[in-house]
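Breakdown of the fold
Okay, here's what each chain looks like letter by letter:
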Amino acid sequence: MLVLENVKEINDVIKNIAEFIQKDEYVHLDFDEYIKTIGRPSDNTSFQAACFNYIFERRLGEERKSIPDLYLERQKGLSASEKKVVKALKKSLSSVFEIHKIAKNGFILYNIINEKTYDVTSLVKMTTFRGMGPGQYVVARIFAYEKEHYLLEISGVLSTTRRDDVYRFAIAKIIQNPEIVYIDNPKKAKEIEKEIKETHKKFLEYFGTDEIITTNKFADDLIGLFNDFAEGGEKTDYSDKIQLPEKYTFFNVEEFNNSYDNFLENSLGGFSSHKETYDVGIIYDEELGMYAVPFWGTFNKIFEAEKPSDIENYDKCIQYFLFNDKFSANLIKKVAEKHENFLPIVNGILKTDYSLDELLQKYKSHYLEQKIYSSTTVLYKSKAFSNTLGIIEEHEEKPKLPEGIDLSKVGRNDPCPCGSGKKFKKCHGA
């Protein structure tokens, strides 16, 4: 009976939040603009999906406040139980799941991203999902409330034959929000934390520092050499891979604007495939893992130059690092602690008078609320990512090996005997 009562209460709260985003004087203007941008859905089901996306993904204002937070802040007279539901909804989890079983009132779903199985109760009648069956994949949002898990929505269904697409989409989700790999999975979080500590020591051993700067044309090679060292202890000279740009300047990089359709191929192509040349910082954060950060050198140069304006587009560069959700609070703090003039210059551009804590709270609160490891580090510990690489290997044509080759005598770092030009471990030894 308690679950049924919860279902009613949850549905009532969701209905109230849906009304809030369409009527609140502050929020509804942004919601209307959002609907215009995506194109108004032609049917009620699609409109409901758009509302869910907006409620759980959108952040407004310079403070980047979530819709549930704004609802709690702007709606007066909420009961204690309603506030509790809203706070639980705020922690909802959107992921890619495989249907293991269909139950009377819900599903048993395996979360491909965080590698956990969930028994979820549906908030709507199960007849809504007629035609779905075990083995199919769904893009769904779930959340925990009163020690039970509930299914908020299913926004996409893929057949068992679409496995490749499912895993590619999973990787897109991980890159966008790396925390979904280990959120609600303490065991995975501990694995990642252990990996970070061990690899940080290796990074310092290899480079002698926790950050190194080169251009995008050499960043991939440099990361590859470090990975070889981290995996097998092979310390190759990297001095020829350190190349600084002729001029430090900030500009828009076209290749960063990837869609879900081409993001994986472009990501695997790496920085070196980009047309323009710019600086990239390879940084190892002792707490959060390894980052490859475009324009890291340019960002630092702003505070080292005689005048900030000596760096072209310096103001846009500062805004890029503050407003971009991919750059952690730790990265901003690292630059601020290195340069005494950081706050005066930043406050001058923003026309504010923030302390460092206030600045981070305003623009990086997401990182202050929870520990978000770097997507690069998280991907290394993700089964979804290793499966995706397997899919790519399956589709990639390799030259045939010459007859009579004894692969047991080929070293991991030796050239592959097939003649591909790759190391053996990256080719037939993978």
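Everything below is about the structure shown above.
Residues numbered from 1 in each chain as written. Predicted model: local features only at pLDDT ≥ 70, side-chain atom pairs only at ≥ 80, totals over all residues. Heavy atoms only, no water.

**Here we look at the overall build of the protein**
Rules: Helix numbers and strand numbers start at the N terminus; a helix is a DSSP run of H or I with at least 4 residues, a strand a run of E with at least 2. Think of it in three bands: residues with accessible area under 20% of the maximum for their type are buried, residues over 50% are exposed, and the middle band is partly exposed, with areas taken using a 1.4 Å probe on protein chains only. Between two residues, a contact is recorded if the distance between any of their heavy atoms is within 4.5 Å. Using the Shrake-Rupley algorithm and a 1.4 Å probe, accessible areas are obtained, with residue cover drawn only from the displayed protein chains.
For the protein, the count of helices and strands is 17 helices and 10 strands. Expressed as a percentage of the 430 residues in the protein, the buried residues total 44%. Long-range contacts, defined as pairs at least 24 residues apart, comprise 62% of the intrachain contacts of the protein with a sequence gap of at least 6. Here the protein has roughly 22,800 Å² of accessible surface; of this, 49% comes from carbon and sulfur atoms.

**Observations concerning helix 4 (residues 67-74)**
The line we're drawing: The arc in question is formed by the directions pointing from the helix axis toward the C-beta atoms.
Of the positions making up helix 4, those classed as buried are Ile67, Pro68, Leu70 and Tyr71. The buried residues of helix 4 occupy one face: seen down the axis, they fall within an arc of 160 degrees.

**Regarding the pairing of strand 9 (residues 279-285)**
Rules: One bridge is not enough; two strands pair if DSSP finds at least two bridges between them.
The buried fraction of strand 9 is high, at 7 of 7 residues. Neither face of strand 9 is open: one carries Asp279, Gly281, Ile283 and Asp285, the other Val280, Ile282 and Tyr284, and all of them are buried. Across 5 bridges, the pairing between strand 8 (residues 211-215) and strand 9 is antiparallel. Each bridged residue has a counterpart across the sheet, and for Glu211 the counterpart in strand 9 is Ile283. In terms of strand pairing, strand 9 meets strand 10 (residues 289-294) through 6 bridges, oriented antiparallel. Pairing of Gly281 across the sheet is with Val293, part of strand 10. Taken together, strand 9 and the strand that follows it, strand 10, pair antiparallel across an intervening segment of 3 residues.

**Points about the environment of Leu368**
On the secondary structure map, Leu368 appears in helix 15 (residues 365-369). Leu368 gets classed as partly exposed once you look at its relative accessible area, which sits at 43%. Between the C-alpha atom of Leu368 and that of Ala329, which follows or precedes it by 39 residues, the distance is 7.2 Å. Those residues in contact with Leu368, other than ones at most four positions away along the chain, are Ala329, Leu360 and Gln361.

**Some points on the sheet that holds strand 6 (residues 137-145)**
The strands making up a sheet associate through hydrogen bonds between their backbones, and the pairing can be parallel or antiparallel. Heads up, the rule is: Lines fitted to C-alpha atoms define the axes, with helix axes restricted to the stretch in contact, and inter-axis angles between N-to-C directions lie between 0 and 180 degrees.
If you trace the 5 strands once around the closed barrel, you get 3-4-5-7-6, paired in mixed fashion. Looking at each pair of strands side by side, their axes are set apart by 50 degrees on average, direction ignored. Strand direction decides the pairing type here: strand 4 (residues 106-111) and strand 5 (residues 116-122), joined by 6 bridges, are antiparallel. Opposite Asn111, over in strand 5, you have Lys116 as the bridge partner. Sitting on the sheet, helix 5 (residues 80-90) is in contact with strand 6 and strand 7 (148-158), with an inclination near 140 degrees to strand 6.

**Some details on empty space enclosed by the protein**
Rules: With a 1 Å grid laid over protein atoms only, a set of points is called a cavity when a 1.4 Å probe fits there but cannot get out and a pocket when it is open yet has protein on both sides within 12 Å along at least five of seven lines; lining residues have an atom within 4 Å of a point. Grid points are joined across faces, edges and corners, and a volume is the space filled by probe spheres set on the points.
Throughout the structure, instances matching the rule amount to 1 cavity of 30 Å³ or more. Each pocket or cavity is described by its volume, and for the largest cavity that value is around 70 Å³. What lines the largest cavity is Arg59, Arg64, Asp325, Tyr363, Lys364, Ser365, His366 and Tyr367. Looking at the lining of the largest cavity element by element, the count peaks at 3 residues for helix 15.

**Considerations on the packing of aromatic side chains**
Defined as follows: Aromatic pairing here means that ring centres of Phe, Tyr or Trp (its six-membered ring) are within 6.5 Å. Orientation follows from the plane angle: under 30 degrees is stacked, over 60 is edge-to-face, and everything else is tilted.
Throughout the structure, instances matching the rule amount to 32 aromatic pairs. With 5.2 Å between their ring centres and 90 degrees between their planes, Phe251 and Phe295 make a pair best called edge-to-face. One end of the pair, Phe251, is in the loop between helix 8 (216-232) and helix 9 (263-269); the other, Phe295, is in the loop between strand 10 and helix 10 (296-302), with 44 residues separating them in the sequence. You can call Phe251 partly exposed: its relative accessible area is 22%. By way of ring pairs, the aromatic residues Phe250, Phe251, Tyr278, Phe295, Trp296, Phe299, Phe303, Tyr320, Phe321, Phe327 and Phe342 are connected into one cluster.

**Here we look at the pattern of salt bridges**
The following threshold applies: A pairing counts as a salt bridge when a side-chain nitrogen of Lys or Arg comes within 4 Å of a carboxyl oxygen of Asp or Glu.
Inspection of every chain in the model, using the stated rule, returns 22 salt bridges. A salt bridge links Asp30 to Arg58, with the shortest nitrogen-to-oxygen separation between them at 3.0 Å. In this pair, Asp30 sits in helix 2 (residues 27-38) while Arg58 sits in the loop between helix 3 (44-57) and strand 1 (59-60), placing the two residues 28 residues apart along the sequence. Given the relative accessible area of 28%, Arg58 is considered partly exposed.

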